[in-house]
Amino acid sequence: VKPAPLILGTIFLSFLAITKRISKKSRRFRMLGPIGPLLTCMAGTLLVWAWPALSEDYGVAHVGHVPGGTIPISFGALKREVTWEHFQAIQVTTFSVALIGYMESIAIS
């Protein structure tokens, strides 16, 4: 276990829990609940951008460069017969996307 990602994750998770609790208790800060994940994401992005040593020396992983533009449309799989192997190849990714969507809906509520 790398200590830097563990510490950052703990801090960000605590921030999310605190903002959710504050948003439920105070009408004045009720927008902190839905905005908390966005603020956390922005803070993490800015932190890794401002201190490159976090990713280079301490092992804090980040996505990196995301190419611009749109992905070209491809109908290669539709031209062939779709087999069970095709479904098995995307099973983990599909489950991950569904889980992230479910957790996002819980975080917003």
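How each quantity is defined
- Residues numbered from 1 in each chain as written.
- Predicted model: local features only at pLDDT ≥ 70, side-chain atom pairs only at ≥ 80, totals over all residues.
- Heavy atoms only, no water.
- Patch = residues over 30% accessible without salt bridge, like charges linked within 9 Å, V, L, I, M, F, W, Y side chains within 5 Å.
- Areas by Shrake-Rupley, 256 points an atom, 1.4 Å probe, with all protein chains shown as cover.
- Salt bridge = Lys/Arg side-chain N within 4 Å of Asp/Glu carboxyl O.
- Helix = DSSP H or I, 4+ residues; strand = E, 2+ residues; numbered from the N terminus.
- Buried < 20%, exposed > 50% of the residue type's maximum accessible area, 1.4 Å probe, protein only.
- Phe/Tyr/Trp six-rings, centres within 6.5 Å; stacked < 30°, edge-to-face > 60°.
- Core = buried A, V, L, I, M, F, W, Y, C linked by side-chain atoms within 4.5 Å.
- Contact = heavy atoms within 4.5 Å.
- pLDDT = per-residue confidence, 0-100.

Together, F15, M31, I35, L38, L39 and M42 make up an exposed nonpolar region whose accessible area comes to about 520 Å². Top element by residues in the nonpolar patch is helix α2 (residues 32–50). It accounts for four residues. Residue position: I35 is located in helix α2. Exposure remark for I35: the relative accessible area of 32% places this residue in the partly exposed category.

One pass over the structure, following the stated rule, counts one aromatic pair. Residues W84 and F87 carry aromatic rings whose centres are separated by 6.3 Å and whose planes lie at 45 degrees to one another, so their mutual orientation is tilted. Highlighted residues: W84 and F87, both in helix α5 (residues 84–108), separated by three residues, approximately one helical turn. Its relative accessible area of 57% is what places W84 among the exposed residues.

What follows deals with the nonpolar core. In terms of nonpolar packing, the biggest core is built from five residues, these being A4, L8, V48, L54 and V60. The contact partners of V48, leaving out residues within four places of it in the chain, are L54, V60 and H62.

So, on to α2. Among all positions of α2, only G33, G36, T40, G44 and V48 are buried. Of the surrounding elements, those touching the buried residues of α2 are α1 (3–25) and α3 (53–56).

With 94% of its residues at a pLDDT of 70 or more, the chain shows a mean pLDDT of 84. Here helix α4 (residues 76–79) is the element of the chain with the lowest mean pLDDT, 61, and α1 is the one with the highest, 91.

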